Amino acid sequence: MDKLIIRGGKRLSGQIQISGAKNAALPLMAASLLTDKPLRLSNLPRLADITTMGDLLNTHGATVTIEGAMGNGSPYGRILSLHARTITDTTAPYDIVRKMRASILVLGPVLAREGVAKVSLPGGCAIGTRPIDLHLEGLKALGAEIALDSGYVTARAPRGGLQGNRIVFPSVSVGATENLMMAACLAAGDTVLENAAREPEIIDLGRCLLAMGAKIEGLGTGTIHITGQSGLKGADYATMADRIEAGSYAVAAAITGGDVFLKNADGAIMEAVIRCLEMAGATVIQSANGLQISRTGPLQPITCKTQPYPGFPTDMQAQMMALVTLAEGESVIREAIFENRFMHVLELARMGADITIDGAKATIRGVKKLTGAPVMATDLRASMGLALAGLAAEGETHVQRLYHLDRGYERIEDKLTGLGADVERVAT
Ligand code: UD1
């Protein structure tokens, strides 16, 4: 198992390219199951989760072909051609689903196309219980019968297929909005999703579905209207840039007092993160092709709360917390999306951070310095928070269980090294 060794204290400067967004890429890949024609996706990041989703599509009978290193002007981008000519197997097996919760995104497409889908229940995970009730209630509203048996959920469409309906989500869910949006594309008649998620990744999926011939209105608002079609066609589509990767490297620049240009980062969809970076004392300059982040003065404390988009993203909470461990004063960060997403706190404390947790509220009293330590995180963004702390810490930080970072950060050691960090991947 690899680990990352970070020798902290280097000021980061230069430019890196932001990769395609993992959280957009996964639903886009699942959307290929809605059509018997090829869906060609470019600017996909090279990440373990993308490979896992490819394996899952294979299981359902889709072919996944890499068409070379191009796409969207990104040197890291490549085109993946996904072709589900027929769905040969409607089951998403435990062995794949347990690796990646986003596997649940095949439920809607397979059900809508085949009339039946069976997906292993994703179960809990390190950052909370993460149920899928909103996905299932939504599919029921489209007429599906849901059965739970032996760790699997089986959804069956009525004779004649899924029927459009009005679905009011009791709370905002990114995945449930995506699953229902995809299923509704092949349901009969109109579906209205109320209290839908407004995340940019939902818009990206919607745009791809539009290119595939779907009829969708209201993307980016809380009310999405979908008129079902009898079939969808293939399309070519470029995945959006990763706003969480961009935010994470923005913190890397800020925590090291650096000056970094994030090529392809889209500041227009990062407003809440940019506000927090500025509150913390960073200077952020937006331009047409990216974001420039720098910091010269001292780090300042912040107050922020995670919320559905356009609020501050929960996927940036650990990284922002790492940043303000070194602020001059007391910060408060509230986690309002997941009930157990402070797993990085004890590890940050081992590096010298002063943090108190009270339920969903973290109070971070800035310290003068962090010191390197062996650390271990139980989820992807928490691991990044620790790596970022390591960049600013005195001495060596060893981030263990690197597979978490590999799920969400493409070529992390290359990108950090390219900015002047002293970072090394070693096999243990
Ligand atoms: C997606 C992102 C993840 C991010 C999260 C919140 C992907 C692949 N993952 O996850 O990185 O942290 O959005 O921005 O895009 N919930 C229920 N019932 C459900 C579904 C969700 O109660 O059926 C709850 C969850 O437990 C959580 C909240 O709703 O408390 C939001 O979860 P959701 O938006 O669904 O997250 P994911 O789509 O799993």
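Rules used throughout
- Residues numbered from 1 in each chain as written.
- Predicted model: local features only at pLDDT ≥ 70, side-chain atom pairs only at ≥ 80, totals over all residues.
- Heavy atoms only, no water.
- Pairing = 2+ DSSP bridges.
- Helix = DSSP H or I, 4+ residues; strand = E, 2+ residues; numbered from the N terminus.
- Axes fitted to C-alpha atoms, helices over the stretch in contact; angles between N-to-C directions.
- Contact = heavy atoms within 4.5 Å.
- Parallel < 35°, antiparallel > 145°, perpendicular 65-115°, else oblique.
- Left-handed = near helix turned anticlockwise from the far one by under 90°.
- Nonpolar A, V, L, I, M, F, W, Y, C, P; charged D, E, K, R; others polar.
- Near = heavy atom within 4 Å.
- Polar contact = N/O pair within 3.5 Å; in protein donor to acceptor, adjacent residues only side chain to side chain.
- Buried < 20%, exposed > 50% of the residue type's maximum accessible area, 1.4 Å probe, protein only.
- Lys, Arg positive; Asp, Glu negative; His and termini not counted.
- Salt bridge = Lys/Arg side-chain N within 4 Å of Asp/Glu carboxyl O.
- Core = buried A, V, L, I, M, F, W, Y, C linked by side-chain atoms within 4.5 Å.
- Phe/Tyr/Trp six-rings, centres within 6.5 Å; stacked < 30°, edge-to-face > 60°.
- Lys NZ or Arg CZ within 6 Å of the ring centre and 35° of its normal.

S.K.: Any chance you could break down the sheet that holds strand S16 (residues 283-287) for me, citing the residues and the numbers?
M.R.: As a general point, the strands of a sheet are linked pairwise by backbone hydrogen bonds and lie either parallel or antiparallel. Taken together, 4 strands build an open sheet; the order of strands is S2-S15-S17-S16 and the sheet is mixed. Sheet topology places strand S2 (13-17) and S16 at the edges, where each strand pairs with a single neighbour. On average, adjacent strands in this sheet sit at an angle of 15° to one another, irrespective of strand direction. Sheet analysis places S16 next to strand S17 (residues 290-294), joined by 5 bridges and oriented antiparallel. Its bridge partner being in S17, Thr283 is matched across the sheet by Ser294. The sheet strands contacting helix H8 (residues 243-255) are S2, strand S15 (259-263) and S17, and the helix crosses S15 at an angle near 165°.

S.K.: Outline the packing of H8 against helix H12 (residues 380-392), supporting the account with residue identities and numerical values.
M.R.: The interhelical angle for the contact between H8 and H12, taken along N-to-C directions, is 20°, at an axis separation of 9 Å. When the interaxial angle is binned, H8 and H12 end up roughly parallel. Like other packed secondary-structure pairs, H8 and H12 cross with a definite hand, here right-handed. For the pair H8 and H12, the contacting residues are Ile244, Ser248, Tyr249, Val251, Ala252 and Ile255 in the first and Arg381, Met384, Leu388, Ala389, Leu391 and Ala392 in the second. When grouped by side-chain class, the residues that make up the contact of H8 with H12 number 10 nonpolar, 1 polar and 1 charged.

S.K.: Tell me about the site of the ligand, and name the residues and values.
M.R.: Close to the ligand lie 18 residues, the nearest being Asp133, Leu134, Ser173, Asp315 and Ile337. At 2.7 Å, a backbone N or O of Leu134 approaches an oxygen atom of the ligand. At 2.7 Å from an oxygen atom of the ligand is found a main-chain nitrogen or oxygen belonging to Val174. Within the residue set of the shell around the ligand, elements represented by two or more residues are helix H5 (133-141) and helix H6 (174-185). Considering each element in turn, the shell around the ligand owes the most residues, 3 residues, to H5.

S.K.: Now, about the side chain of Thr154: what can you tell me, with residues and values included?
M.R.: Within the fold, Thr154 resides in strand S9 (residues 152-156). Setting aside anything within four residues of it in sequence, one finds Thr154 in contact with Val116, Ala117, Lys118, Glu145, Ile146 and Ala147.

S.K.: Hey, could you go over the side chain of Glu199 for me, with residue numbers and the actual values?
M.R.: Mapped onto the elements of the fold, Glu199 is located in the loop between strand S11 (190-194) and helix H7 (200-211). Among buried Asp, Glu, Lys and Arg side chains, Glu199 stands out as unpaired, with Arg243 the closest opposite charge at 4.7 Å. A distance of 3.0 Å separates the side chain of Glu199 from the backbone nitrogen of Tyr309, its partner in a polar contact. Among residues more than four places away in sequence, those in contact with Glu199 are Val174, Arg243, Pro308 and Tyr309.

S.K.: Give a detailed account of the nonpolar core, specifying residues and quantitative values.
M.R.: Core analysis: the biggest nonpolar cluster contains 78 residues, and Tyr249, Leu262, Leu277, Met320, Met321, Leu323 and Leu391 have the highest contact counts within it. The element contributing the most residues to this core is H8, with 9 residues. Once residues lying within four places of it in the same chain are set aside, the contact partners of Leu262 are Ile16, Ile18, Ala246, Tyr249, Ala250, Asn289, Gly290, Leu291 and Ile293. Core analysis: the next-biggest nonpolar cluster, separate from the first, contains 71 residues, Met29, Leu107, Ala144 and Cys185 among them.

S.K.: Now, about the packing of aromatic side chains: what can you tell me, with residues and values included?
M.R.: This structure, assessed with the given rule, holds 0 aromatic pairs. Here Lys118 stacks its cationic end above the ring of Tyr152, 5.1 Å away from the centre of that ring.

S.K.: Now, about the pairing of strand S5 (residues 80-83): what can you tell me, with residues and values included?
M.R.: Of the two faces of S5, the one carrying Leu80 and Leu82 and the one carrying Ser81 and His83 are both buried. Two strands pair when backbone bridges link them, and strand S3 (residues 39-42) and S5 are joined in this way by 3 bridges, in the antiparallel orientation. Its bridge partner lying in S5, Leu41 is registered against Leu80. Pairing analysis gives 4 bridges linking strand S4 (residues 63-66) to S5, with the strands arranged antiparallel.

S.K.: Hey, could you go over unusual backbone geometry for me, with residue numbers and the actual values?
M.R.: Of the consecutive residues Tyr309 and Pro310, the connecting peptide bond is found in the cis state with omega at 10°. Inspection of the secondary structure assignment puts Pro310 in the loop between strand S18 (303-305) and helix H10 (317-324). Even without a glycine there, the phi angle at Asn264 is positive, about 80°. Given the relative accessible area of 25%, Asn264 is considered partly exposed.

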